[in-house]
Structure formats: structure tokens, C-alpha cells
Amino acid sequence: MTIDLLKDTGTPLAQQRMSWKEMVGKPISKLDDDAFTRVRIILMNGLELDSLRTKQVALRMNRDARVELAQLMRVEQHQATTINWLIGADHSPLETTIGYEQAAIEITASVAELEPDTYLACAYRYALLEDFDHLYRYSALLDRLEGKDANNIVQGYTDIVPARPTILHHRAPEHDLLRPYDSKAALATKLHAVTLTGAEFQTHDYYMNIGPLYADPLARQLYAEIASVESQHITHYGSMLNPDESVLEKLLLAEACEIWNYAACVEQESNPRVKALWERFLDFELGHLQVALKLFKDFERRDPAEVLGNGRLPDFIKFKSHREFVRQTIARETSLRKDGTQFVNERDEGRSSTAYRDAVNADGSPSSAVSETYSWTPGTELMRADLAA
Amino acid sequence: MEATTPGHNRTGAAVSPSEIQRMQDAVNTLSPPTPISTRQFDTERLAYIADADNVGSIPPPASLVKGTLKKGLARLKGVSPNLFLDKLGERIAFERTGTRLYDALISKYLALSNAEGDVLPPAESVFDAAGLPGEAPASAAGETPLETLRRIRAEELGHFRMLCDSTTQLGGDPTAQTPCADVIATASMGLVQVISDPRTTMAQSLNAILTAELTDNAGWELLEELAEEAGQSDLADRFSQALGAEQEHLAIVSGWLRTLVTDEAGTPAV
């Protein structure tokens, strides 16, 4: 499957209608589907929601494109619904959380390997080690609150161990920022940043919605703590995006990003029913890109090739275990810290982060408390032979 | 509807032993086992419990609001009127949700019987299997399973309305949500999720209803005792009758479940 962003037209926007029953189809099986089917669902829901978000911002900033933006958003809304409703109701919010962190880890690891810009690649690895640590903390909560093994969600693909401890993720806001890519950056670089920003946004919003659903006080604290870090990650990835891009240029990139990711999903999906959905939505997005291309040409009077290059899609995200890459990154970069937009050694961390961290951790660290002495064990820590009955 | 059969379940350590070994290698390197302590978890719980507000208050009796508390709750003996109202509210909530659970269960039964024919035995035939003393009640005689399901649903609704009348007689407001009503509804959320999920089988749904009926039986027993203790013999009689009906529901649900898992394994009902 070779897609040309500048030539393939997909499904015309006017033909992209879905009924409520089409949107609410059969969910995946938590027990039988591959973990990476869930990872792709989580990713694509995040990208649809971010595509909506980008267009809502565009609506506030652009008079010319209002009608087209409204039309595009209606379809994106229904695509997001169709995708997100694939998650079965037997996932507890905490089990879905484990899925979110696995998605963050494996997608970020793949992007870090693909990213041609060495500075941004380091930035991906940096946040990777934090989402990786979140998986460990949430796994401890799942074990100790619900009595469940997180491996039944990650299915052996992703290690459940600490990395850079969550207690150290809390930075002063000025140290969350990164240097943005510039207009000459590779299309891959731009799509990577748009993808991770959308994924983190979704994770943050999910934690903010489900955090209050927990009764347990430490669970409520843990979601409060990690939602705050995910908010930092939105800033981390969002600040990669070139702030000098016009609104319509961002629209073009958002559509290209969805195409790139849907194409990757089509190529790698193991569930035939879900694969058919990815194919359908890939065609929808090619139709959306046609609208974005026309707006870009009509109102900006610019050649889309300035943004999309020769129209070929960059290498796809690989939906697979990145165990060895993550292990190497843990070994080499766990001690990295931030000072402004720079990655520095522990001793050179921006001082305002220390003061900030002292304040938020003043009454204790939820992530440390929940995972005290926690070692992941198949079947939960209650299976451990040394545990007194 | 599909039978629950062996397949490509991807959970558990045995599915991918080499990957699990690598996960354990990572654990041994990066978070090696030490004696388990959940002290900090426990400490947080204790601190929050000590400092917690309650989930909410018991609504004051309507007659108390009007300032004319001459009958009803004022005549209760030996039982806290507020506690009695709270527990009445709990049963009101449970019977109301129970009616809705049976609505969902009847849909599941109809879908299954439309596709597969009747998979449940008549209710009267399961009494021995349920191990209950005595004969099958007359109410179950000659009923089809669908008629039995609809009768049970009607009885849940009847209990709900009887409780509303009892609460009103005592000066309470049956439409208010008492703290125990709120808590039992929270506890029941999983039952609603299981029975309303199109993927769950009849047996899995009956298992969830069994949880409800067991709780319901214990709830009616307690309410009857409270009414006796409070000197409310009329109420106690009504509650005793409801308990009898609920005991029958429990026996039927339990019997159906036992029949399905012993005789129908591998069919779409199980």
C-alpha cells in the first residue's frame, strides 16, 4: 500500500456519514484480542480527538475556513466515537489506564527510533522513561486495589518495572518546554510531534475524567499526580510544534498525521473487523486532506508540497514490543533531567524544579506510596511464595 | 450470542513463557523482590478514613419537616427511626434496580430463546436441585421460564411499591435517596454492567442476579427483624411475605444457574 498525499483523494467528505449503530459496533475482547489492537484503538482515538481540538482552535482563529472546519469536525467526532467505543465495558478504568500507558510506551519508543532529529529523539526517550514508570505505579495500584495482574492487559509485550521515578517527574513549568522544530524539518518530525501531542492530551483528559471515580484515597491521589505529569507531557510535546506554522498549515499536518497513522494501523492490524475500520477511516482522512489542501491553496496561496514534500508517507510507527530499546534507554538516560529546553545531568537540573517538587511532594508521594516494595509477579504479588498466608 | 468455549485467550503467564521470563528478568534487575510492605498504602487509608465526611445524610421525615410528628416514626420502639428509614430507603433502591435487572435479563433470555429455543427448565423443576426444603410453590406450577421471569420482575416491582407505601406511612419520603440507598446502588453497579452487556451469556447473567438475590434475601431478613423489634407487626408481616417471595427467587435463579452449568456447557446459554 503506497499512499501519495498529494494525489490520493479518498472518500469525498459529503459521503462520510455514519449512523449511531455504525458508531456503536461490537467492542474488542479484552481477553482474546492482541494488546496492540487496543494500543491502536487508544492511539487513533487520541488522534481523532486532537484533530477535533486543532480544528476548534482553527475555528477561533480563521474566518475563511469556518464552514469546512465545521463539516470536518462532525466527521472526526463520529470517527472518534466509533473508535473509542471499541473498548469493552469489562475494562475497569484502571485496566484501560494500563492500556494507555502501554500505548504511550510502545508508540513513543517507536517514534524515538524513527525520529531523525537527535534533539527531539532525546525528548521522546526522556518522556518515554516517565510513561514507563507510570505503568509500574499503576500496575501496583491495580494489584493492590483490584487484585488484578497488569500483564493481562500488556500481554508480555511491555516490562513492568520502575524507570525515572514519578516523584521526580514534577518540574517547574519553564523546564517542560522544548525547542520547536522549524519549517524545514522533515515531514516525519512534524508528524511524530503531532502524534505524541495528541496521544498525551488524550491520556491527560482520560485521567482527569476517571480520577474522581475512584473511592480509594491513594488511587485518587495517584491519578491527581500522574494527570499533572501528563499535563507536563502535553507541554513537552506540544512545545515541539513550530509556533510559526499558520493555522491552515497545522490543519494540513493534522490530516496528514491521521492518514499516516491510519495507514500504519491498516498495515499492522490483526483483528479483521478493526482492520476494515482502519481502511474505511484512512479513506475518510484522505478525503479530509483534500479539503485541507484546497483551503491551504485558496487562502494561503501556498504550495502544499512546502509542507508535505513529495507526498510520500514517512516510515510507520511499529506496533510491537520495544523491550530492548526501552531497557537500553533506562540504563543510559534515567538520570537525565531538564534545565529550560536542555537535557542535563541530575546536578544541573533547573533549580526551580526542585522547589516546585518539594512543594507538591510536601505531604508525601502517592506514586511512591502505592508502589512501596512492589515487584511485578505473574498473577499478582499475592502469588509470591514468600508471602505469609 | 456465542457459547463460551476454549479459544485464543491471551491473558496469563502461560501464553508467552519466553516474554514472561524476560519481564521477570527485568524485575530482578530493576525492582528485585523485597519483603512486601503496603504500610504507606494502609497509612493513607487510615488517615483518610479518620478524616472523612459521611456519604450524606438521612432525609428528615416529611412529618418532622411539617412539625407534626404524631404517628408513624414517632411510634417506633427499640429501633432508631432514622436507621429504619435509611434501611427502608436501601431496600427501595435495591428493589427498583432489581426490577431493571430483570428487564435486562428478560431481554437476554428472549434473544437466546429466539435463537436457540428454550434453554431454561421450568422453574418448578429446579427446586430439588436448589436444595430448598419443601415443595415448589404453587406460583411456579405450570409456568414457562419466561412467565416465571416476568412474575419475578413483577414481584420485585411490587416489593418496591409496598416499601414506598410503608415509608410514606411512617412519614418518610420514598423518593429520597438515603445514604444506604446510595451505597447499595454503588455496590450494584457491576451487576448492571454484567447483565446489560450483550456479550454475557444467560448463565453469566444469572450468576450476577444470584448475587443480587442473595443480598436481597439478607436485606429482607434484617428489615423484618428491625420491624419486629420496633413493634411494627404489620410491617413485619409484609416484609416476611416479601422475604418468602425472595427466597423463592433465589431458589429459582440458583437452580437455573446450576442446570445451565451442569447440563448445557458449550451452548450459547453458558
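Residues numbered from 1 in each chain as written. Chains lettered and ligands numbered in written order. Predicted model: local features only at pLDDT ≥ 70, side-chain atom pairs only at ≥ 80, totals over all residues. Heavy atoms only, no water.

### Describing the overall build of chain A
(1) Moving on: A count of helical and extended segments in chain A gives 14 helices and two strands.
(2) Moving on: Computed over its C-alpha atoms, the radius of gyration of chain A comes to 21 Å, within 12% of the 21 Å expected for a compact globule of 389 residues.
(3) Moving on: In terms of principal-axis extent, the alpha carbons of chain A reach across some 70 × 50 × 35 Å.
(4) Moving on: Classification of the 389 residues of chain A by burial places 62% in the buried group.
(5) Moving on: Put simply, of all contacts in chain A between residues at least 6 apart along the chain, 86% involve residues at least 24 apart.
(6) Moving on: Counting every atom, chain A has about 14,900 Å² of accessible surface; 52% of that belongs to carbon and sulfur. (Helix = DSSP H or I, 4+ residues; strand = E, 2+ residues; numbered from the N terminus. Rg over C-alpha atoms; globule rule 2.2 N^0.38 Å. Buried < 20%, exposed > 50% of the residue type's maximum accessible area, 1.4 Å probe, protein only. Contact = heavy atoms within 4.5 Å. Areas by Shrake-Rupley, 256 points an atom, 1.4 Å probe, with all protein chains shown as cover.)

### Re the overall build of chain B
(1) Moving on: A tally of regular secondary structure across chain B gives nine helices and zero strands.
(2) Moving on: The N-to-C order of helical and strand elements in chain B reads α-α-α-α-α-α-α-α-α.
(3) Moving on: A globule of 270 residues ought to have a C-alpha radius of gyration of about 18 Å, yet chain B, at 24 Å, is considerably larger.
(4) Moving on: With the C-alpha coordinates of chain B rotated into their principal frame, the extents come out at 75 × 60 × 30 Å.
(5) Moving on: The buried share of chain B, taken over its 270 residues, is 43%.

### What to know about the interface of chain A and chain B
(1) Moving on: Between chain A and chain B, the contact holds 44 residues from the first and 33 residues from the second.
(2) Moving on: Together chain A and chain B conceal approximately 3,300 Å² of surface at their shared face, both sides included; 55% is due to carbon and sulfur atoms.
(3) Moving on: There are five salt bridges connecting chain A and chain B.
(4) Moving on: Note that Arg10(B) is salt-bridged to Asp34(A), the shortest N-O span being 3.2 Å.
(5) Moving on: Taken together, chain A and chain B are joined by 18 residue pairs in polar contact (both at pLDDT 80 or more). (Buried area = accessible area lost by both parts, 1.4 Å probe. Salt bridge = Lys/Arg side-chain N within 4 Å of Asp/Glu carboxyl O. Polar contact = N/O pair within 3.5 Å; in protein donor to acceptor, adjacent residues only side chain to side chain.)

### Brief notes about a negative patch on the surface
Residues and elements named next belong to chain B.
(1) Moving on: Where like charges cluster on the molecular surface, the negative patch consists of Glu-221, Glu-225, Glu-228, Glu-229, Asp-234 and Asp-237.
(2) Moving on: Broken down by secondary-structure element, the contributors of at least two residues to the negative patch are α8 (202-229) and α9 (233-263).
(3) Moving on: For the negative patch, the leading source of residues is α8, giving four residues. (Patch = residues over 30% accessible without salt bridge, like charges linked within 9 Å, V, L, I, M, F, W, Y side chains within 5 Å. Lys, Arg positive; Asp, Glu negative; His and termini not counted. Charge placed at Lys NZ, Arg CZ, Asp CG, Glu CD.)

### Thoughts on the side chain of Thr96(A)
(1) Moving on: Turning to its location among the elements, Thr96(A) is positioned in helix α4 (residues 93-114).
(2) Moving on: When residues no more than four places from it in sequence are discounted, the contact partners of Thr96(A) are Ile87(A), His91(A) and Tyr206(A).

### Structural notes on the nonpolar core
Among soluble globular proteins, nonpolar side chains are generally buried collectively.
(1) Moving on: In this structure, Ile107(A), Tyr124(A), Trp278(A), Leu308(A) and Phe319(A) are the most contacted members of the largest nonpolar core, which totals 120 residues.
(2) Moving on: Of all the elements, helix α5 (residues 118-146) of chain A adds the most residues to this core, at 16 residues.
(3) Moving on: With 37 residues, the next largest nonpolar core counts Phe94(B), Leu101(B), Val253(B) and Ala269(B) among its residues. (Core = buried A, V, L, I, M, F, W, Y, C linked by side-chain atoms within 4.5 Å.)

### Brief notes about the packing of helix α9 (residues 247-268) of chain A against helix α10 (residues 272-300) of chain A
All names here are of chain A.
(1) Moving on: Here α9 crosses α10 at 160 degrees, and the two axes come no closer than 8 Å. In terms of their interaxial angle, α9 and α10 are classed as roughly antiparallel. Relative to α10, the crossing made by α9 is left-handed.
(2) Moving on: Classifying every residue of the contact of α9 with α10 by side-chain character gives 19 nonpolar, one polar and seven charged. (Axes fitted to C-alpha atoms, helices over the stretch in contact; angles between N-to-C directions. Parallel < 35°, antiparallel > 145°, perpendicular 65-115°, else oblique. Left-handed = near helix turned anticlockwise from the far one by under 90°. Nonpolar A, V, L, I, M, F, W, Y, C, P; charged D, E, K, R; others polar.)

### Let's talk about the pattern of salt bridges
(1) Moving on: All told, the structure shown has 39 salt bridges over all chains when counted by the stated rule.
(2) Moving on: A salt bridge links Arg40(A) to Glu269(A); its shortest N-O distance comes to 2.8 Å. Of this pair, Arg40(A) sits in helix α2 (residues 35-61) while Glu269(A) sits in the loop between α9 and α10; the two residues are 229 residues apart in sequence, bridging distant segments of the chain.
(3) Moving on: Under the relative-accessibility criterion, Arg40(A) is labelled buried at 2%.
(4) Moving on: Measuring nitrogen to oxygen at the nearest pair gives 2.7 Å for the salt bridge that ties Asp103(B) to Arg153(B). Placement of the pair is Asp103(B) in helix α4 (residues 81-116) and Arg153(B) in helix α6 (residues 145-169), with a sequence separation of 50 residues.
(5) Moving on: Taking the relative accessible area as the measure of exposure, Asp103(B) reaches 24% and is therefore partly exposed.
(6) Moving on: When its relative accessible area of 22% is taken as the criterion, Arg153(B) is described as partly exposed.

### A closer look at the packing of aromatic side chains
Residues and elements named next belong to chain A.
(1) Moving on: What the rule picks out here adds up to 15 aromatic pairs over all chains.
(2) Moving on: Ring geometry for Tyr-136 against Tyr-374: centres 5.8 Å apart, planes inclined by 50 degrees, an arrangement best described as tilted. With Tyr-136 in helix α5 and Tyr-374 in the segment after α14 (366-370), this residue pair connects regions lying 238 residues apart in the sequence. Accessibility assignment for this pair places Tyr-136 and Tyr-374 in one class, buried.
(3) Moving on: Joined through ring pairs, the aromatic side chains of Tyr-100, Tyr-138, Tyr-206, Tyr-207, Tyr-214 and Tyr-223 make up one cluster.
(4) Moving on: Taking NZ or CZ as reference, Arg-40 lies 5.2 Å from the ring centre of Phe-319, over its face.
(5) Moving on: Above the ring of Phe-343, the side-chain terminus of Lys-338 is found at 5.5 Å from the ring centroid. (Phe/Tyr/Trp six-rings, centres within 6.5 Å; stacked < 30°, edge-to-face > 60°. Lys NZ or Arg CZ within 6 Å of the ring centre and 35° of its normal.)

### What about the environment of Asp149(A)?
All names here are of chain A.
(1) Moving on: Its location among the elements puts Asp-149 in the loop between α5 and α6 (151-154).
(2) Moving on: Separated by 229 residues in the primary sequence, Asp-149 and Pro-378 place their C-alpha atoms 6.9 Å from one another.
(3) Moving on: Setting aside residues up to four positions removed in sequence, Asp-149 forms contacts with Leu-142, Trp-376, Thr-377, Pro-378, Gly-379 and Thr-380.
(4) Moving on: A polar atom in the side chain of Asp-149 sits 2.8 Å from the backbone nitrogen of Asn-151.

### Regarding the side chain of Ser110(A)
Residue and element names in this part refer to chain A.
(1) Moving on: As for its position among the elements, Ser-110 is in helix α4.
(2) Moving on: Classification of Ser-110 by relative accessible area gives buried; the value is 2%.
(3) Moving on: If we ignore the near neighbours within four places in the chain, the residues touching Ser-110 are Ile-317, Lys-318 and His-322.

### Focus on the environment of Gln15(A)
(1) Moving on: With respect to the helices, strands and loops of the structure, Gln15(A) is situated in the segment before α1 (20-23).
(2) Moving on: Through-space distance from the C-alpha of Gln15(A) to that of Gly287(A) is 9.4 Å; in sequence the pair is 272 residues apart.

### Quick notes on helix α7 (residues 179-196) of chain B
Residues and elements named next belong to chain B.
(1) Moving on: Taking 1.5 Å per residue, 18 residues should reach 26 Å; α7 reaches 25 Å between its end C-alpha atoms and fits that length.
(2) Moving on: The largest bend in α7 amounts to roughly 40 degrees and is located at Ser-188.
(3) Moving on: All of the buried residues in α7 are Pro-179, Ala-181, Ile-184, Ser-188, Leu-191 and Ile-195.
(4) Moving on: Residues of α7 that are buried make contact with α4 and α8. (Expected span 1.5 Å × (residues − 1). Bend = angle between axes of the 7 residues up to and from the residue.)

Remember, this is a structural readout, not a statement about activity or role.
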